[in-house]
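# Chains, contacts and geometry: an overview
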Amino acid sequence: MMKKPLLKFLTALPVLLFFTSVQAQPVYRFTVKVGIDSQSVDSLGGLDNVKRNLKQMFHEINKAFNYDRRFQAYYNFDVDWDALYVYEGSSRDEVGKPHPDHDYLVVMDGVRSHPDEGGGGWNGSYIQTIYHDRGTESQRFNNPFDRMATDGIIHEFGHSRGMPDIYAMTVDADKNPINGLGNPGIRCMMNYCYGETHWSDYAVNMINLSADKRVEIDSLVNSMCPELIRIAVKDSSYGKVKGADIRLYPVGWYSYTVNETPEIVSATNSKGVCTLDGRKVFPKSRSCGLKYPNYLVEAEYGNRKAYGWLPLYEVQNAKFEGKKAYELVLILKDEKPSTPKDFDVTKNFKRLKN
Ligand SMILES: [Zn+2]
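None of the values given here were measured: they were computed from a predicted structure.

### A few points about unusual backbone geometry
Backbone geometry places A211, a non-glycine residue, at a positive phi of 50°. By C-beta crowding, A211 is classed as partly exposed, having 13 other C-beta atoms within 10 Å. In the Ramachandran plot, Y254 falls in the positive-phi region, its phi being about 55° despite a non-glycine side chain. Mapped onto the elements of the fold, Y254 is located in the loop between β8 (245-251) and β9 (264-267). The exposure class assigned to Y254 is partly exposed, which follows from the 13 C-beta atoms found within 10 Å.

### Topic: the pairing of strand β7 (residues 228-234)
Two faces, one strand: in a regular strand the side chains alternate between the faces of the sheet. Along β7, the buried face is formed by I229, I231 and V233; none of L228, R230, A232 and K234, which line the opposite face, is buried. Pairing of β7 with strand β10 (residues 273-277), which is carried by five bridges, proceeds in the antiparallel orientation. Across the sheet, R230 pairs through a bridge with T275, a residue of β10. Two strands pair when backbone bridges link them, and β7 and strand β15 (residues 325-331) are joined in this way by seven bridges, in the parallel orientation. Bridged to A232 within β15 is V329.

### Brief notes about the nonpolar core
Judged by nonpolar contacts, the single largest core of 72 residues is most densely connected at I61, V106, A203, I231, Y295 and V297. In terms of residue count, helix α3 (residues 47-66) provides more of this core than any other element does, seven residues in total.

### Let's talk about the sheet that holds β8
Think of a sheet as strands paired side by side through backbone hydrogen bonds, with each pair either parallel or antiparallel. Strands sit in the order β9-β8-β13-β14 across an open sheet of four strands; the sheet is antiparallel. Each edge of the sheet is formed by a strand with only one pairing partner; in this case those strands are β9 and β14 (304-309). Each strand axis lies, on average, 20° off the axis of its neighbour in the sheet, ignoring direction.

### Focus on helix α5 (residues 147-160)
In this model α5 runs 20 Å from its N-terminal to its C-terminal C-alpha over 14 residues, within 8% of the 20 Å that 1.5 Å per residue would give. Every buried residue of α5 is accounted for by T150, I153, I154, H155, E156, F157, G158 and S160. In the core, the buried residues of α5 are packed alongside α3, β2 (74-79), β4 (104-109), β5 (121-123), β6 (129-133) and α6 (201-210). Following α5 by one or two positions, G162 has its phi on the positive side, about 100°.

Reading the values: the criteria
- Note on numbering: residues in each chain are counted from 1, in written sequence order.
- Confidence filtering applies because this is a predicted model: local features only for residues at pLDDT of at least 70, side-chain atom pairs given and counted only at 80 or more, and all residues used for totals across whole chains, interfaces and linings.
- For every residue, the other C-beta atoms within 10 Å of its own C-beta are counted; 20 or more classify it as buried, 12 or fewer as exposed, and values in between as partly exposed. C-beta atoms are placed from the backbone.
- Runs of H or I in DSSP of at least four residues are treated as helices and runs of E of at least two as strands, each being numbered from the N terminus.
- Paired strands, as defined in this entry, are two strands with at least two bridges between them according to DSSP.
- Put simply, a nonpolar core is a cluster of buried Ala, Val, Leu, Ile, Met, Phe, Trp, Tyr and Cys residues tied together by C-beta atoms within 7 Å.
- The convention used is that axes are lines fitted to C-alpha atoms, helices contributing only their stretch in contact, and that angles between N-to-C directions extend from 0 to 180 degrees.
- In this analysis, the expected span of each helix is defined as 1.5 Å times one less than the number of residues it contains.
- Here, residues touch in the contact sense if the C-beta positions derived from the backbone fall within 7 Å of one another.

In structure tokens, the structure reads:
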């Protein structure tokens with residue numbers, strides 16, 4: 001007879017623990033109005049199917065913001081089913097329509113039926129609208145609810161919570177005239193989002209910073225500019241290198257290109273360190289918040305060179321961690337290549353035995 005209540009208690013305990021852990025976090029609810037074009041509704045077999053698909057998609061969107069405990073709140077992007085509407089004509093006319101009763105408007109389109117349609121994505125400022133455009137030039141229907149489309153819209157909701165594009169800070173190897181290396185960025189929903197579920201530390205920091213407020217990506221990016229950038233140059237035995245030349249080659253937003261002219265030229269001091277004013281390295285800009293999202297850094301001493309990057313997704317994390325300076329360490333390699341026999345483990349083993 002004792003078995004039953006004990007069993008009940010044992011099953012209730014994890015449920016209770018789950019709810020206490022969920023309720024320890026604040027809930028951020030954002031209301032969403034959805035409009036969908038009539039041709040997409042027809043292709044999907046009517047409005048009931050659209051609703052079923054939308055429910056599943058928003059389940060996935062909310063899941064993407066809630067599986068990771070680094071987020072400091074429970075996110076609820078909440079579709080207002082009474083406000084769901086079907087429109088005729090160009091999607092472009094829908095983007096920019098005011099939606100005073102809802103935080104966000106999502107305009108969905110699976111068919112390119114008008115010449116001015118296309119170029120979907122997040123529209124910030126006073127617009128606060130995701131243009132979920134799946135149309136292609138072929139006028140064929142592309143399901144706005146498939147897996148790729150869902151990954152895409154999760155990325156757009158990342159923008160709605162203050163995150164810039166990480167891919168906008170990356171570099172293609174063939175567009176780097178200085179050392180020919182590419183910089184693909186880091187794993188993040190805000191870099192290449194298809195098939196991805198991971199949020200980078202920078203994305204988590206920015207989304208937490210935005211909290212439940214309506215935010216402007218540019219002003220957040222600008223507000224997290226670090227005070228100082230410190231570049232230390234060391235030799236292969238980790239000794240300081242004084243008087244090394246430092247050159248910072250800028251990378252423009254969405255350019256994927258290293259500019260061949262350095263923006264900043266300096267040198268390391270007697271301690272082997274070059275300290276730069278963060279505001280000079282990353283000047284304020286009306287578009288995107290800061291003028292550059294990344295630099296290729298070159299250190300040169302004698303005939304040796306070393307390279308590093310200053311992407312905002314690394315640099316701004318220092319400010320999130322409360323540090324005054326972002327520090328980059330560049331190591332100049334030996335001129336002579338190392339000899340393989342120096343790494344002969346048996347040689348060291350024999351020496352140890354003696
Ligand atoms: Zn984006």
